[in-house]
Amino acid sequence: MVKTAKAKTGGPLRAGTKSPPAAALPETVESALDRVAYAVTQGIRSGIFVPGQHLLEPELTRRIGISRGSLREALKHLAADGIVTLNRYRGAYISSLDKKSVLDLLDTLEPLACLAARLAAERCDSAENKQRMKDAVAAIEAAGKEGNRGKYLEQRRHFYDTMVKIGGNRELARVMPLSRTDLFRAQIERIQSEAQRQRHLSGYSRIAQAVIDRDPAMAERAIKRHFEGTRKTMKELPDHAFPAADGE
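Okay, so let's go over this structure.

## A look at the packing of aromatic side chains
Working step 1: Following the criterion strictly, the structure yields three aromatic pairs and no others.
Working step 2: Here the aromatic rings of F159 and Y204 are separated by 5.0 Å at their centres, their planes lie at 70 degrees, and the arrangement is edge-to-face. Of the two residues, F159 is situated in helix α6 (residues 149–167) and Y204 in helix α9 (residues 194–212); the sequence distance between them amounts to 45 residues. Considered together, F159 and Y204 belong to a single accessibility category, that of buried residues.
Working step 3: A ring pair is formed by Y160 and Y204, whose centres lie 6.4 Å apart and whose planes are at 85 degrees; its orientation type is edge-to-face. Highlighted residues: Y160 in helix α6 and Y204 in helix α9, separated in sequence by 44 residues.
Working step 4: Judged by relative accessible area, which is 2%, Y160 ranks as buried.
Working step 5: Owing to a relative accessible area of 0%, Y204 belongs among the buried residues under this scheme.
Working step 6: These aromatic residues form a ring-pair network of at least three members: F159, Y160 and Y204.

As structure tokens, then:
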């Protein structure tokens with residue numbers, strides 16, 4: 001298990017303290033497990049929760065409107081997915097990824113992202129799909145220019161969701177580890193340089209243009225270049241950006 005790093009900002013959510021409102025749950029989110037998963041993952045993307053943050057049960061049960069028993073069961077599922085870390089004595093924390101975990105994650109996500117981009121480029125044959133791709137990249141660029149890091153993470157996920165939906169392979173949405181990648185992006189958002197942020201942001205426009213142009217080979221190359229930029233950022237980041245792996 002990865003040791004949890006203390007969050008640079010945010011801190012634990014204390015029961016009774018005023019915190020940002022939770023995102024409204026979609027009508028399709030009904031089970032306690034889905035309600036907790038949605039609230040936590042959306043909280044990470046929006047910046048309400050940050051890697052290393054202690055999650056206190058009274059606050060979460062109040063926010064989500066479920067029993068403590070249901071919450072604990074849901075947190076076990078999120079721990080199995082690597083989104084939270086459970087400590088027998090200290091409770092639940094938003095997971096933090098050590099450097100090897102991030103590199104392994106990138107190695108896993110890259111071929112899946114290449115497939116998503118290639119399929120989207122092959123099937124982006126309607127004006128509606130082309131506009132959806134344009135809207136998705138415009139939204140992420142706007143969030144980047146605003147410096148709104150929480151919104152940027154949300155729009156980044158929306159970009160991938162749009163690409164997967166255009167490509168039409170429903171299994172990709174199930175297997176792409178985007179929630180774990182949200183953790184990594186949230187973990188480094190506040191410590192990376194502006195040049196590193198712009199490097200990451202610029203990749204999306206190249207991917208989107210290749211999809212809109214219906215050029216599968218170019219779409220794959222744009223994805224690979226995007227991931228190369230992320231790995232370069234990994235090498236440049238200071239060691240304190242990542243917790244030590246268990247046993248180090």
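There is more to say, and it comes next.
## Examining the pairing of strand β2 (residues 84–87)
Working step 1: Relative to strand β3 (residues 91–94), β2 runs antiparallel, the two being bridged by four bridges. Counted as the bridge partner of L86 is A92 from β3.
Working step 2: Turn length for the β2-β3 hairpin, with the two strands adjacent in sequence and antiparallel, is three residues.

## A closer look at helix α5 (residues 127–146)
Helical geometry note: an α-helix holds 3.6 residues per turn, so side chains three or four residues apart project in the same direction.
Working step 1: Compared with the 28 Å implied by 1.5 Å per residue over 20 residues, the 28 Å span of α5 between its first and last C-alpha is a close match.
Working step 2: Here α5 has its buried residues at N129, M133, A136, V137, I140, A143 and G144. The arc that holds the buried residues of α5, viewed along the axis, is 125 degrees, so those residues lie on one side. Of the residues in α5, the exposed ones pointing more than 90 degrees away from the buried face are A127, E128, K145 and E146.
Working step 3: Contact partners of the buried residues in α5: α4 (99–123), α6 and α9.
Working step 4: Just beyond α5, the residue with positive phi is G147, at close to 75 degrees.

## What to know about the sheet that holds β2
Working step 1: Read from one edge of the open sheet, three strands run β1-β3-β2, paired in antiparallel fashion. A single partner strand is all that each edge strand has here, and the edge strands are β1 (54–55) and β2.
Working step 2: Pairing of β1 with β3 involves two bridges; the strand directions are antiparallel. Paired with H54 across the bridge in β3 is Y93.
Working step 3: Each of β2 and β3 is contacted by helix α3 (residues 68–80), which is oriented at about 115 degrees to β2, the strand it contacts most.

## Topic: the packing of α9 against helix α10 (residues 216–236)
Working step 1: Direction vectors running N to C along α9 and α10 enclose 170 degrees, while the axes themselves pass 8 Å from each other. When the interaxial angle is binned, α9 and α10 end up roughly antiparallel. Of α10, the residues touching α9 (which contributes Q196, R199, H200, G203, Y204, R206, I207, A210 and V211) are M218, A219, A222, I223, R225, H226, G229, T230, K232, T233 and E236.
Working step 2: Classifying every residue of the contact of α9 with α10 gives eight nonpolar, seven polar and five charged.

## Digging into the nonpolar core
Working step 1: Ranked by size, the top nonpolar core spans 66 residues in total, and within it V36, V40, F159, M163 and M176 carry the most contacts.
Working step 2: With twelve residues, α4 is the single largest residue contributor to this core.
Working step 3: The contacts of M163, once residues within four sequence positions are left out, are A113, A116, A117, A120, M133, I207, V211 and I223.

## Concerning the environment of I64
Working step 1: Structurally, I64 can be placed in helix α2 (residues 57–64).
Working step 2: Spatially, the C-alpha atom of I64 lies 7.3 Å from that of A39, the residues being 25 residues apart in sequence.
Working step 3: In contact with I64, other than residues within four places in its own chain, are R35, V36 and A39.

## Overview of unusual backbone geometry
Working step 1: Here the phi dihedral of R214 falls at roughly 60 degrees; this positive angle occurs in a residue that is not glycine.
Working step 2: In this fold, R214 is placed in the loop between α9 and α10.
Working step 3: Assessed through its relative accessible area of 39%, R214 is described here as partly exposed.

Rules and cut-offs
- Residues numbered from 1 in each chain as written.
- Predicted model: local features only at pLDDT ≥ 70, side-chain atom pairs only at ≥ 80, totals over all residues.
- Heavy atoms only, no water.
- Phe/Tyr/Trp six-rings, centres within 6.5 Å; stacked < 30°, edge-to-face > 60°.
- Helix = DSSP H or I, 4+ residues; strand = E, 2+ residues; numbered from the N terminus.
- Buried < 20%, exposed > 50% of the residue type's maximum accessible area, 1.4 Å probe, protein only.
- Pairing = 2+ DSSP bridges.
- Expected span 1.5 Å × (residues − 1).
- Arc of directions from axis to C-beta.
- Contact = heavy atoms within 4.5 Å.
- Axes fitted to C-alpha atoms, helices over the stretch in contact; angles between N-to-C directions.
- Parallel < 35°, antiparallel > 145°, perpendicular 65-115°, else oblique.
- Nonpolar A, V, L, I, M, F, W, Y, C, P; charged D, E, K, R; others polar.
- Core = buried A, V, L, I, M, F, W, Y, C linked by side-chain atoms within 4.5 Å.

Purely geometric numbers; function is a separate question.
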